[in-house]
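Structural features, examined
One-letter residues, chain by chain:
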Amino acid sequence: MCEVMVLGVLGRIEGYEQVTFRVNGHECKTRFATEALRRFYESNNRRVKVLLFVPRSLLEDCGVDCLRSKVEKGGHGGFEIVEVPGVGGWTRINEVSAFMLLTMLEKERPSCVVVNISTGQNVYVIALLDAVRRYATFRQLEEILQKPKLEVKVASHQPITKEVKEANIELYPLQVRAFFSLPEPDIDKLYELDKNDEEDKKKRIGEIGKKYKEKKERFRKIKEKLKIAFNAIRYNIPLAFYEDELLKVIEEKEVDCLAEKLVKYGMELLSEEIKVNLVNLSNVFFALAMFKSFNKFRNTLSEPSIDEIQLKFPEVYESLGIGVNSYFLHNDLEIIKKAVEEKKKPGKVALSDLLGRGTSSDLKRNFFAHSGFLKEYTEVEVKDGKVILSWNKEHLEEIKKWLREPEYKR
């Protein structure tokens, strides 16, 4: 497993000059900045993988094997060459960036990504930076309820001319922050069609889509669960995470397998020279990543006791910048605890029996106003000294509908 993934774009390597590169004091005489970076990280006992993206137009006279041989003879080691579509014709920068993103998603998960921006034609470097930002967002969303660990750095150096014999490679962090917002992808619109596109292209799109019909349906189900989980966190409804009917834990490898299949779907569209909707494509993987984090959090929960809810959920709220939820959650739980201590009723009882106070005039409003502990739908039981909360099963479908559509409708 690689710890560091070094990314770069190759240009016409015949013009590359051999210079002494310095990376944080480490010297390396080579024609390739990515090789200097590889040796620097390996000198720090880190396992490194180098991906060199090459525009298809540069491979017309020399294929991938030929170019690989030239790069190796030039002194580069430990690299993989990845051919990318050349900008022009049917291909836009969107397609190049999409291809690079999908390529990174296919690879193992490094703890550090370093992107060299000083080599290669500008348009491909821009596409690579865009792809890296999207990839970093994906990785952050995978652990948005935990602590994201990915480190992303940009490497740059001065232009290398025949007069330059030494060059410093500067490393600085690429700031990417995944905000807590719900991705809204349309799995059926990963492609874009122009009004002049021929019927044959539309037919191919349909045929490819049919191959992934079952995977797209699986994605839709996960997307629905993601919306429920997202709204449960955003609107402070912790009990949702304890109900299998709402958010049953899914094996992590099942989510990873679906992501792998959807990467292949995107790659197949590109291989057929079909333009992609980069926003939709990115959001598909953002949604899977965020769901994976929610799923991981769900797996850490054991029982919906007041003690566990008070311990687990405020930490999540604070990490997401919605700490005000903790205030309302604490207040609602303290009211329930006090009522349990005062009434001391045995067995499972309705929360309304403990709190009294008539009936709710607006059930949905009170549900969201009281952390989901609507007294008409919530049940309380004391077991082994712990106060356990749950919802009456008869109302789960209604609760699911509220979590799907929390907004007020006139």
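None of the values given here were measured: they were computed from a predicted structure.

1. Comments concerning the overall build of the protein chain
Counting secondary structure elements, the protein chain contains 14 helices and 12 strands. Judged by the C-alpha coordinates and their principal axes, the protein chain covers about 85 × 55 × 35 Å. Among the 410 residues that make up the protein chain, the fraction classed as buried is 51%. Across the protein chain, contacts joining residues at least 24 apart in sequence account for 73% of those joining residues at least 6 apart.

2. Brief notes about a nonpolar patch on the surface
Residues Val324, Tyr327 and Phe328 make up a contiguous nonpolar surface patch of about 350 Å² in total accessible area. Along the polypeptide, Tyr327 turns up in helix H11 (residues 324-343). The class for Tyr327 is exposed, based on a relative accessible area of 61%.

3. A short note on the side chain of Thr91
Note on placement: Thr91 falls in the loop between strand E5 (79-84) and helix H3 (93-106). Taking relative accessible area as the criterion, Thr91 reaches 5% and is therefore assigned buried. Within the local environment of Thr91, its side chain forms a polar contact with the backbone oxygen of Gly86, the two atoms lying 3.4 Å apart. A polar contact of 3.1 Å, which involves the side chain of Thr91, links it to the side chain of Trp90. The residues touching Thr91, leaving out its near neighbours within four places in the chain, are Pro85, Gly86 and Val96.

4. Some words on the state of the cysteines
Considering all chains together, one arrives at one disulfide under this definition. Put simply, Cys62 and Cys66 are joined by a disulfide, and their sulfur atoms are 2.1 Å apart. Classification of the bridge connecting Cys62 and Cys66 rests on its S-S torsion, roughly -105°, and on that basis the disulfide is left-handed. Cys66 sits in the partly exposed class, given a relative accessible area of 34%.

5. Re the sheet that holds strand E12 (residues 386-391)
Hydrogen bonding along the main chain pairs the strands of a sheet, whether they run parallel or antiparallel. Strand order in the open sheet made by the three strands is E10-E11-E12, with antiparallel pairing throughout. With one partner strand each, in any of the chains shown, strand E10 (349-350) and E12 form the two edges of the open sheet. Across two bridges, the pairing between E10 and strand E11 (residues 378-383) is antiparallel. Each residue of the ladder has a partner; that of Ala350, found in E11, is Glu379.

6. Points about the pairing of strand E4 (residues 48-55)
Among the eight residues of E4, seven are classified as buried, and the element is accordingly described as predominantly covered. The pairing of strand E1 (residues 4-9) with E4 spans six bridges and is classified as parallel. If you follow Gly8 over to E4, its bridge partner there is Leu52. One ladder, built from six bridges, connects E4 with E5; its direction is parallel. Across the sheet, Leu51 pairs through a bridge with Glu80, a residue of E5.

7. Topic: the packing of helix H6 (residues 213-234) against helix H8 (residues 252-271)
In a pair of packed helices, the angle between the axes and the distance between the axes together describe the arrangement. For the pair H6 and H8, the least separation of the axes is 10 Å and the interaxial angle reads 130°. Here H8 runs oblique to H6, going by the angle between their axes. Crossing hand, H6 versus H8: left-handed. Listed contacts from H8 to Lys215, Lys216, Arg218, Phe219 and Ile222 of H6 are Glu254, Leu258, Lys261, Leu262 and Tyr265. The residue inventory of the contact of H6 with H8, partitioned by class, reads five nonpolar, no polar and five charged.

Rules behind the numbers
- Residues numbered from 1 in each chain as written.
- Predicted model: local features only at pLDDT ≥ 70, side-chain atom pairs only at ≥ 80, totals over all residues.
- Heavy atoms only, no water.
- Helix = DSSP H or I, 4+ residues; strand = E, 2+ residues; numbered from the N terminus.
- Buried < 20%, exposed > 50% of the residue type's maximum accessible area, 1.4 Å probe, protein only.
- Contact = heavy atoms within 4.5 Å.
- Patch = residues over 30% accessible without salt bridge, like charges linked within 9 Å, V, L, I, M, F, W, Y side chains within 5 Å.
- Areas by Shrake-Rupley, 256 points an atom, 1.4 Å probe, with all protein chains shown as cover.
- Salt bridge = Lys/Arg side-chain N within 4 Å of Asp/Glu carboxyl O.
- Polar contact = N/O pair within 3.5 Å; in protein donor to acceptor, adjacent residues only side chain to side chain.
- Disulfide = S-S within 2.5 Å.
- Pairing = 2+ DSSP bridges.
- Axes fitted to C-alpha atoms, helices over the stretch in contact; angles between N-to-C directions.
- Parallel < 35°, antiparallel > 145°, perpendicular 65-115°, else oblique.
- Left-handed = near helix turned anticlockwise from the far one by under 90°.
- Nonpolar A, V, L, I, M, F, W, Y, C, P; charged D, E, K, R; others polar.

None of this, on its own, says anything about what the molecule does.
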